[in-house]
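# Fold and geometry: a report
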Amino acid sequence: IFIFIQDFSKAMSQAGSSQFQEVIRQELEYSMKVELDKILATAHSNEIEHTKKDLEGFKKLFHRFLQEKGPSVDWGKIQRPPEDSIQPYEKIKARGLPDNIASVLNKLVVVKLNGGLGTSMGCKGPKSLIGVRNENTFLDLTVQQIEHLNKSYNTDVPLVLMNSFNTDDDTKKILQKYSHSRVKIYTFNQSRYPRINKETLLPIAKDVSYSGENTECWYPPGHGDIYASFYNSGLLDNLIAEGKEYIFVSNIDNLGATVDLYILNHLMNPPNGKRCEFVMEVTDKTRADVKGGTLTQYENKLRLVEIAQVPKAHVDEFKSVSKFKIFNTNNLWIALSAIKRLQEKNAIDMEIIVNPKTLDGGLNVIQLETAVGAAIKSFENSLGINVPRSRFLPVKTTSDLLLVMSNLYSLNAGSLTMSEKREFPTVPLVKLGSSFTKVQDYLRRFESIPDMLELDHLTVSGDVTFGKNVSLKGTVIIIANHGDRIDIPAGALLENKIVSGNLRILDH
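Residues numbered from 1 in each chain as written. Predicted model: local features only at pLDDT ≥ 70, side-chain atom pairs only at ≥ 80, totals over all residues. Heavy atoms only, no water.

The secondary structure content of the protein amounts to 13 helices and 25 strands. The C-alpha radius of gyration computed for the protein amounts to 25 Å, which stays within 12% of the reference 23 Å derived for 508 residues, consistent with globular compactness. Counting only C-alpha atoms and orienting by the principal axes, one finds that the protein spans roughly 90 × 60 × 55 Å. Taking as baseline every contact in the protein between residues at least 6 positions apart, the subset at least 24 positions apart corresponds to 70%. Surface exposure of the protein reaches about 25,000 Å², of which carbon and sulfur atoms provide 51%. (Helix = DSSP H or I, 4+ residues; strand = E, 2+ residues; numbered from the N terminus. Rg over C-alpha atoms; globule rule 2.2 N^0.38 Å. Contact = heavy atoms within 4.5 Å. Areas by Shrake-Rupley, 256 points an atom, 1.4 Å probe, with all protein chains shown as cover.)

The next subject is empty space enclosed by the protein. Taken as a whole and judged by the stated rule, the model has one cavity of 30 Å³ or more. Each pocket or cavity is described by its volume, and for the largest cavity that value is around 40 Å³. What lines the largest cavity is Lys 112, Phe 138, Leu 141, Thr 142, Gln 145, Ile 252, Asn 254, Leu 255 and Ala 257. Looking at which element gives the most residues to the lining of the largest cavity, the answer is helix 5 (residues 138–153), with four residues. Within the lining of the largest cavity, the residues separate by chemical class into five nonpolar, three polar and one charged. (1 Å grid on protein atoms, 1.4 Å probe; cavity = no way out; pocket = protein on both sides within 12 Å on 5 of 7 lines; lining within 4 Å. Points joined across faces, edges and corners; volume = space filled by probe spheres on them. Nonpolar A, V, L, I, M, F, W, Y, C, P; charged D, E, K, R; others polar.)

Looking only at helix 6 (residues 168–175), the buried set comprises Asp 168, Thr 171 and Leu 175. Seen from one end, helix 6 has its buried residues packed into an arc of 70°, which puts them on one side. When the buried face of helix 6 is taken as reference, the exposed residues oriented beyond 90 degrees from it are Asp 169 and Lys 173. Buried positions along helix 6 lie against strand 2 (108–114), helix 5, strand 5 (159–163) and strand 6 (185–189). (Buried < 20%, exposed > 50% of the residue type's maximum accessible area, 1.4 Å probe, protein only. Arc of directions from axis to C-beta.)

This paragraph deals with the packing of aromatic side chains. For any pair of aromatic rings, the description rests on two quantities: the centre-to-centre distance and the angle between the ring planes. The full count for this structure, using the stated rule, is 13 aromatic pairs. Seen from their ring centres, Tyr 227 and Phe 379 are 6.0 Å apart, and the 45° between their planes marks the pair as tilted. Placement of Tyr 227 in helix 7 (residues 226–232) and of Phe 379 in the loop between strand 16 (364–369) and strand 17 (383–386) is noted, with a sequence separation of 152 residues between them. This pair shows no difference in class: Tyr 227 is buried, exactly as Phe 379 is. Both rings, one in Phe 248 and one in Trp 333, keep their centres 4.2 Å apart while their planes meet at 25°; by these two values the pair is stacked. Of this pair, Phe 248 sits in strand 10 (residues 246–251) while Trp 333 sits in strand 14 (residues 326–335), placing them 85 residues apart in sequence. (Phe/Tyr/Trp six-rings, centres within 6.5 Å; stacked < 30°, edge-to-face > 60°.)

The strand order across the open sheet built from three strands is 8-16-15, with neighbouring strands paired in antiparallel fashion. Lying at the two open borders of the sheet, with one neighbouring strand each, are strand 8 (196–197) and strand 15 (353–358). Here strand 8 pairs with strand 16 via two bridges, running antiparallel. Bridge assignment links Asn 197 to a residue of strand 16, and that residue is Val 365. Together, strand 8, strand 15 and strand 16 form the strand contacts of helix 2 (residues 48–67), whose direction differs from that of strand 16 by roughly 105°. (Pairing = 2+ DSSP bridges. Axes fitted to C-alpha atoms, helices over the stretch in contact; angles between N-to-C directions.)

As far as domains go, the protein holds domain 1 (75–391) and domain 2 (398–500). Here the C-alpha centroids of domain 1 and domain 2 sit 30 Å apart. On the side of domain 2, 15 residues touch domain 1, which itself brings 15 residues to the contact. Taken over both partners, the interface formed by domain 1 and domain 2 buries close to 1,200 Å², and the fraction arising from carbon and sulfur atoms is 64%. The interface formed by domain 1 and domain 2 includes zero salt bridges. For the pair domain 1 and domain 2, the number of links is five residue pairs in polar contact (both at pLDDT 80 or more). If you list the elements that add at least two residues to the side of domain 1 that touches domain 2, you get strand 3 (131–133) and helix 5. (Domains from an automatic or database assignment. Buried area = accessible area lost by both parts, 1.4 Å probe. Salt bridge = Lys/Arg side-chain N within 4 Å of Asp/Glu carboxyl O. Polar contact = N/O pair within 3.5 Å; in protein donor to acceptor, adjacent residues only side chain to side chain.)

Let us now look at the environment of Asp 484. Residue placement: Asp 484 occurs in the loop between strand 23 (471–480) and strand 24 (485–488). Asp 484 sits in the partly exposed class, given a relative accessible area of 22%. On a C-alpha basis, the gap between Asp 484 and Asp 463 in space is 6.9 Å, while along the polypeptide they are 21 residues apart.

Further remarks concern the layout of surface pockets. The space that makes up the second largest pocket amounts to roughly 600 Å³. Going through the elements one at a time, helix 2, helix 7 and helix 11 (336–344) are the ones with two or more residues in the lining of the second largest pocket. For the lining of the second largest pocket, the element with the highest residue contribution is helix 2, accounting for six residues. A class-by-class count of the residues in the lining of the second largest pocket yields nine nonpolar, seven polar and seven charged.

Let's shift gears to the side chain of Ser 181. Within the element layout of this structure, Ser 181 appears in the loop between helix 6 and strand 6. Given the relative accessible area of 18%, Ser 181 is considered buried. Other than its neighbours up to four places away in sequence, Ser 181 contacts Val 143 and Glu 147.

This brings us to the UniProt feature "binding site: substrate" (unreviewed entry) in the protein. Residues annotated in UniProt with the feature "binding site: substrate" (unreviewed entry) correspond here to His 223. As for its position among the elements, His 223 is in the loop between strand 9 (218–219) and helix 7. Among residues more than four places away in sequence, those in contact with His 223 are Leu 113, Met 162, Asn 251, Asn 330, Thr 370, Ala 371 and Val 372. (UniProt positions renumbered as here; feature names shortened; annotations may be inferred.)

This part takes up the sheet that holds strand 23. Spatially, four strands are ordered 20-21-23-25 in an open sheet, and the strand pairing comes out parallel. Strands with a single pairing partner mark the edges of an open sheet, and in this sheet they are strand 20 (429–432) and strand 25 (493–501). Shown here is a sheet whose adjacent strand axes are inclined to one another by a mean of 15°, direction ignored. Across four bridges, the pairing between strand 20 and strand 21 (residues 451–461) is parallel.

Before going further, it helps to spend a moment on the UniProt feature "binding site: UTP" (unreviewed entry) in the protein. Look at the UniProt record and you will see "binding site: UTP" (unreviewed entry) annotated at Lys 127, Gln 190, Gly 222, Asp 253 and Lys 396. If you trace the backbone, Gly 222 turns up in the loop between strand 9 and helix 7. Leaving out residues up to four positions away in the same chain, Gly 222 has contacts with Gln 190, Glu 369 and Thr 370. Position of Asp 253 relative to the elements: it lies in the loop between strand 10 and helix 9 (261–268).

Structure (structure tokens):
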């Protein structure tokens, strides 16, 4: 009897606990609704419809956030993907191209994720407007690539930019310069969601404005928002009406993400007659990519698993290059009709990413986000294609910028290709210290970009400057201690060298 009473009281307390949690959840949702209604009431008549859609989308995300607890994957259910679910690029390429490649290209739309600012590289405004190569910005190179396609094949591939409220105005101003180029350019805005106080779980915004001191109150909710905002903008329907069938989506700062005709042909003319609704380009992991999301088999579906979803006890296993050999490049090919179907059924399922931030005043907030690739499990007949590393060339830091500005790459019609003069196809590992973080400082420290054709590894730390026509080969480590300065002289050749201490411009 005693044991029975113990079990009964335990069951009651558990039931009480879950009931209690449910009450708290309902209270939080009600409080959130009240606050969002107050914010909506401050909108001008021309903003109401748009703001309402944003806040409705946020409410759904917040509801799911309150429901979900702990890591969103059951580690025991993760399996390696079946052999045929990730195809080698060589196999796709070996099929060749059809004679009517123009008719295939005319079904394509290129979409670039253009919501990010250049703040991590010390720049104001959209990241896509940072100069990358020969005064060309990320956006210039993208337009040049598509214009080259349209001229070469006499096609009409449009460019669509998904902007955020942070990048929209500046981007639209700059688009005028492409008015005579042979590329139709469209834009749509991703949603604008309120940041929430980590303690109270309520919005920190008091009204709908997002300028001045209110800029920190709002955020764009990650690129997973593309499905809803593309659909809501009306552009998705317009493109379907024009006969477009697939979008190729990539980050605007990935300079390797050019239109690949072989992948497009594989989508439009599948060998088994069954079209893929979603293709994710993956590539082999190196030690630098251990945190990248990977494709797994989960409950009989291909699924993208990100490091944030992994239970703490399995993080090292997740990072293992031997077990999880590939990672997501975020180059995605998606059927427009499938986006429309799933969006209308509210059937796109993406895990919530909880992104904690500390604002300038010290306030801790969280933003709820989703990732575009996480939707792969919602689409039919999904496929991974293991592409060469050259299709993943992101520029996230000035270390990356140094690589793409150097003679390692040649530029042709907006596309970067690795120089044939480099003996190894791998990219050198470059680590520039904090003195180089901002683009302005970085540019000031190089009189010209060094010759890096034979470089394997470069580490630079402290107050270091480079003269003109410097050559770097093998492994080069340059460390200026605190208070010291190192000037690498013009014309210097550094091969397998460690330079430290305090080196002025001297012969060496």
